[in-house]
Amino acid sequence: MWDYTDKVKTLYMKPKNVGVIEDANAVGEVGSIVCGDALTLYLKIEGERIVDAKFQTFGCGSAIASSSALTEMIIGKTVEEAEKITNRDIVEYLGGLPEQKMHCSVMGREALDKALANWRGETIEEHEDVEGEIVCHCFGVTDKLIRKVIRENRLDTVEEVTNYTKAGGACGSCIEKIEIILDEELKEQREHPAPLHQVKEPLTNIRRLEMVKETIENVIRPVLQKDGGDIQLIDIDGRKVIVGLRGACSQCVISDVTLKNLVQEKLREFVEEDIEVVERR
Amino acid sequence: MDKLIYLDNNATTRIDPLVLEEMMPFLTERYGNPSSMHDFGGDVGADVERARDRVRRFLGAENDYEIVFTSCGTESDNMAIAGTVSYYTDKKHIITSRVEHPAVLNLFKKYEREGYRVTYVPVDRQGHLDLDFLKRAVDEDTALVSIMYANNETGMIHPVEEIGAYLRERKVPFHVDGVQAAGKIPIDVKKINCDLFTISGHKFHAPKGIGALYVRRGTRLRPLMYGGHQERTRRPGTENVAGIVGMGKAADLAMAHLPGEGRIALLRDRLEEGILKRFNNVSLNGSREKRVPNTTNVGFEFIEGEAILLYLNEKGIAASSGSACSSGSLEPSHVLRAMGVPFTSAHGSIRFSLSRFTKEEDVDYTLEVLPQIVDRLLEISPFWDNEKKCGKPMAV
Ligand SMILES: Cc1ncc(COP(=O)(O)O)c(C=O)c1O
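Here the residue numbering is sequential within each chain, running from 1 through the sequence in written order. Here every chain gets a letter starting at A, and every ligand a number starting at 1, in the order they are written. Side-chain atom pairs in this predicted model are given and counted only at pLDDT of 80 or more, local residue features only at pLDDT of at least 70, and totals for whole chains, interfaces and linings cover all residues. Side-chain descriptors were evaluated using all non-hydrogen atoms of the structure, hydrogens and water having been removed beforehand.

Some details on the overall build of chain B
Each helix corresponds to a stretch of at least 4 residues labelled H or I by DSSP, and each strand to a stretch of at least 2 residues labelled E; elements are numbered beginning at the N terminus. Of the regular secondary structure elements, chain B holds 13 helices and 15 strands. Whereas a compact globule of 396 residues would reach a radius of gyration of roughly 21 Å, chain B reaches 22 Å, a difference of no more than 12%. In terms of its C-alpha atoms, chain B occupies a principal-axis envelope of roughly 75 × 50 × 35 Å. A simple rule labels every residue: compare its accessible area, found with a 1.4 Å probe on the protein chains alone, to the largest value its type can have, and call it buried under 20%, exposed over 50%, or partly exposed in between. Put simply, chain B has 396 residues, and 59% of those count as buried. Note on contacts: a residue pair qualifies if any of its non-hydrogen atoms lie within 4.5 Å across the two residues. Partitioning the contacts of chain B with sequence separation of at least 6, the portion at a separation of at least 24 is 70%. The atom set for the radius of gyration is the C-alpha atoms, and the globule formula is 2.2 Å times the number of residues raised to the power 0.38.

Below you can see the structure in the form of structure tokens.
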């Protein structure tokens, strides 16, 4: 049996937002019954805001959970905010997915793309044109999707690509092509390294605050607490993040150097390159 | 989990309490090594030999020395195939079926990569082996034919007696993977005319980690391992005494219970008919003829197998699926694909496998909860029309 998180279990047993929106103004369909999973996403967009989202999924437990998570994440968001959601965000929302199930989160992201394209009035044909060339014919996976997933999730082996996109998981005849794409992408990454959350536009203050909070909660605090320490977010001023470092570690001599560096490093990795951490005692 | 309805007996079975009882002394005070000179060990050796005789009778073999104890079905399969192939080094053709267990199939694939000519005999839509195809494939260069007696996913029984007779005439070594037949149908290796026959203890109420290979008198076989003199040097290593004794007892019990397999078949049929009658999006994988009595495999359209399993699990029911998602690979089971089961229902295939410990109320409970599960998943499915209660027309 798969090692699913409680969140995944809850969501596949009791998924939220199941069904059809009769007057949806954006619909995205991905997958097919032949592939073994498929998702239809219905959105109701008013102005620029997603006011309702529903889904129907054919697939395993994590496919159902990922679909439910996606709808929960986007309801209430603006189109612009929703566009920034990556499959990794879906995985984080679920508290993690087994490696071989990562493709379920990618399917959610793809359905959202398609729904938003549909809302903008791009016809499916047009959309398919820009989608690139089919690499895996068994599951209909394009090079464009493969490249995107490699970048967003920093993949470096063919198995990982298969786990995330299913490409190469059936007959295996496209594995060589995947290797070539992977080589190109890795070369590109070596030459032009990019942060994990690649942001083309600067973050809004609200988004930055959210991301800093998330990173502190999910990444930094668990590390500190292991050693009996703790961290508190006091304020954010532009790219300056002001924190209090408490508990056992506030007594260590090296705390301000080591801890501050750790916190800053993580925030730079997960939020923004030029974050600066200031410790307030 | 408080409630457990175990309908996954082709994956593994519970140890019969009588088997455990018989094993206990060898896990506690009777820990001697059968190879020792002293009586404390030597007496244990006598129990090993008694177990060997029980397994011999279970398989219908002639001589006790034809039974070699191993660690599992996979080892027996490997020993039979690799042992034969490495003996007949001048022959470069081997034959198996497309629906074998990975313990056989992956070894054949290895030989294929190494340059062997490999024939994979196909099956029809019901899972019946293409016997003529197999016969035509045999030639002077054939080193071995390995065919499973009963399939683990569908329970379909292959015509091993006919194959055995044909191969015996041509003096081609014949291995039968009997793992899923043992304990479910009577076995008679002499009637089958096979040279090698694999069984695995944990599929018939003995513990995991014990298997056996029948090696007909005079069969040429190279060992997989080299070491001491145990098992006449065919399988060196100090014996898993408790496992061997347990398998001996389990073999005796299986023979005693074989007439009771009729009851299991009735329960299985009740489950199967109940499912096929209740839903209009379900069909049988396999056929009712030539099938072991405990297995049924049904394919649901429009819903996915792992999701069904997870929902069943939530209700305390343990079953298994042929779906891609539950197996770690991404394609539906190679067995269902070999049968040509359409992907649309292969993805939603579920195997229920019963045992003599299955109760009537287990089947009734399953039939009671299954409709809620299937209806709920249909509701979630994009391929199901919830108003018209039928599948949506779709482009695949
Ligand atoms: C047909 C068949 N052969 C071989 C095996 C392998 O047996 P074991 O698990 O004892 O290695 C199995 C078990 O699933 C099986 O069903």
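Next comes the rest of the description.
Side note on the interface of chain A and chain B
Tallying the contact residues gives 31 residues for chain A and 28 residues for chain B. Using a 1.4 Å probe, buried area is obtained as the accessible area two parts lose upon being combined, added over both of them. For the pairing of chain A and chain B, the buried interface totals around 2500 Å² over both sides, and the portion due to carbon and sulfur atoms is 69%. Of all residues in chain A, M13, I33 and F58 of chain A bury the most surface against chain B, accounting for 26% of the area lost on that side. Salt bridge, as used here: a side-chain nitrogen of Lys or Arg that lies within 4 Å of a carboxyl oxygen of Asp or Glu. For the pair chain A and chain B, the number of links is one salt bridge. Across the pair K101 of chain A and E306 of chain B runs a salt bridge whose closest N-O atoms are separated by 2.5 Å. Polar contacts here mean pairs of N or O atoms no more than 3.5 Å apart (in protein, one a potential hydrogen donor and the other a potential acceptor; neighbouring residues in sequence count only if both atoms are side-chain atoms). Connecting chain A to chain B are seven residue pairs in polar contact (both at pLDDT 80 or more). Mapped onto the side of chain A that touches chain B, the elements with two or more residues apiece are helix 1 (6–13), strand 2 (37–46), strand 3 (49–58) and helix 2 (61–74) of chain A. With four residues, strand 3 of chain A is the single largest residue contributor to the side of chain A that touches chain B. Here the residues of the side of chain A that touches chain B sort into 17 nonpolar, twelve polar and two charged. Put simply, Ala, Val, Leu, Ile, Met, Phe, Trp, Tyr, Cys and Pro go in the nonpolar bin, Asp, Glu, Lys and Arg in the charged bin, and everything else, Gly too, in the polar bin.

Describing the packing of aromatic side chains
In this scheme Phe, Tyr and Trp rings, the latter by its six-membered ring, pair at centre separations within 6.5 Å, and the angle between planes marks the pair as stacked below 30 degrees, edge-to-face above 60, and tilted otherwise. Under the counting rule described, the total for this entry stands at nine aromatic pairs over all chains. Note on F58 of chain A and F383 of chain B: the rings are 5.5 Å apart at their centroids and 70° apart in plane angle, and the pair reads as edge-to-face. One end of the pair, F58 of chain A, is in strand 3; the other, F383 of chain B, is in the loop between helix 13 (360–380) and strand 14 (384–385), on a second chain. Taken as a pair, F58 of chain A and F383 of chain B share a single burial class, namely buried. Both rings, one in Y111 of chain B and one in Y116 of chain B, keep their centres 5.1 Å apart while their planes meet at 65°; by these two values the pair is edge-to-face. Note on accessibility: Y111 of chain B and Y116 of chain B belong to one class, buried. For the cation-ring pair, K3 of chain B lies above Y365 of chain B, with the distance from its terminal atom to the ring centre recorded as 4.1 Å. Our definition puts a charge over a ring when NZ of Lys or CZ of Arg is within 6 Å of the ring centre and also within 35 degrees of the ring normal. Just above the ring of Y111 of chain B sits the side chain of K110 of chain B; from NZ or CZ to the centre is 5.0 Å.

So, the side chain of E100 of chain B
Residue and element names in this part refer to chain B. Examined against the element boundaries, E100 turns out to sit in the loop between strand 3 (93–97) and helix 4 (102–113). In terms of polar contacts, E100 uses its side chain to reach the backbone amide nitrogen of M148, at 3.0 Å. Non-local contacts of E100, meaning those with residues more than four positions away in its chain, are made with L105, S146, I147, M148, D177 and H334.

What to know about the packing of helix 9 (residues 261–278) of chain B against helix 13 of chain B
Residues and elements named next belong to chain B. Two numbers describe how helix 9 lies on helix 13: the axes approach to 10 Å, and their chain directions differ by 20°. With respect to their mutual orientation, helix 9 and helix 13 come out roughly parallel. The way helix 9 lies across helix 13 gives a crossing that is right-handed. Taken together, the residues of helix 13 that come into contact with helix 9 (itself represented by L267, R270, L271, G274, I275 and R278) are E360, V363, D364, T366, L367, L370, P371 and D375. Only C-alpha atoms enter the line fits that serve as axes; for helices the fit covers just the stretch in contact. Angles between N-to-C directions range over 0 to 180 degrees. Relative orientations are named as follows: roughly parallel for angles under 35 degrees, roughly antiparallel for angles over 145 degrees, roughly perpendicular for angles from 65 to 115 degrees, and oblique for any other angle. If you view the pair so one helix is near and one far, a crossing is left-handed when the near helix is turned anticlockwise from the far one by less than a right angle, and right-handed when it is turned clockwise.

Describing the confidence of the model for chain A
Overall, the predicted model of chain A reaches an average pLDDT of 85, with 89% of residues at or above 70. Here residues 125–129 of chain A is a poorly scored stretch, pLDDT under 50, and it has three contacts once near neighbours within four places are set aside; other chains count. Per residue, pLDDT measures the predictor's confidence, with a range of 0 to 100.

Considerations on the site of the ligand
All names here are of chain B. Consider each residue's heavy atoms; a residue with any of them within 4 Å of a molecule or strand counts as near. If you check the shell around the ligand, you find 13 residues, and the closest are T74, D177, Q180, S200 and K203. Between G73 and the ligand, the recorded distance is 2.8 Å, taken from a backbone N or O atom to an oxygen atom. D177 is positioned such that a nitrogen or oxygen atom in its side chain is 2.6 Å from a nitrogen atom of the ligand. Its free accessible area being 390 Å², the ligand has 88% of it covered by the protein chains. A per-element tally of the shell around the ligand places helix 3 (residues 73–85) first, with three residues. Residue composition of the shell around the ligand, by class: three nonpolar, seven polar and three charged. Only the protein chains shown count as cover for residues, and all accessible areas are computed by the Shrake-Rupley method using a 1.4 Å probe.

Regarding the sheet that holds strand 10 (residues 295–300) of chain B
Residues and elements named next belong to chain B. When DSSP finds at least two bridges between two strands, those strands are taken to pair. The strand order across the open sheet built from four strands is 9-10-13-12, with neighbouring strands paired in antiparallel fashion. Two strands bound the open sheet, and with one partner strand each, they are strand 9 (282–284) and strand 12 (320–321). Relative to strand 10, strand 9 is paired through three bridges, and the arrangement is antiparallel. The residue of strand 10 that forms the bridge with V282 is F300. Helix-sheet contacts for helix 10 (residues 305–314) involve strand 10, strand 12 and strand 13 (349–353), and the interaxial angle to strand 13 is about 45°.

A short note on the domain arrangement of chain A
Often the size quoted for an interface is simply the accessible area lost on bringing the parts together. The split into domains, and so the bounds of each, comes from an automatic or database assignment of domains. Domains assigned within chain A are domain 1 (1–124), domain 2 (125–194) and domain 3 (198–279). Taking only C-alpha atoms into account, the centre of domain 1 of chain A sits 30 Å from that of domain 3 of chain A.

Examining the domain arrangement of chain B
All names here are of chain B. Taken domain by domain, chain B consists of domain 1 (5–12 + 260–391) and domain 2 (17–257). Placing the centre of domain 1 and that of domain 2 at their C-alpha centroids yields a distance of 29 Å. Taken together, the 29 residues of domain 1 in the interface contact 30 residues of domain 2. Summed over both partners, the interface of domain 1 with domain 2 buries about 2600 Å², with 53% contributed by carbon and sulfur atoms. Linking domain 1 with domain 2 are zero salt bridges, by the criterion used here. Of all the secondary structure elements, the ones that give two or more residues to the side of domain 1 that touches domain 2 are strand 10 and helix 11 (334–338). Among the residues making up the side of domain 1 that touches domain 2, the classes are represented as ten nonpolar, 13 polar and six charged.

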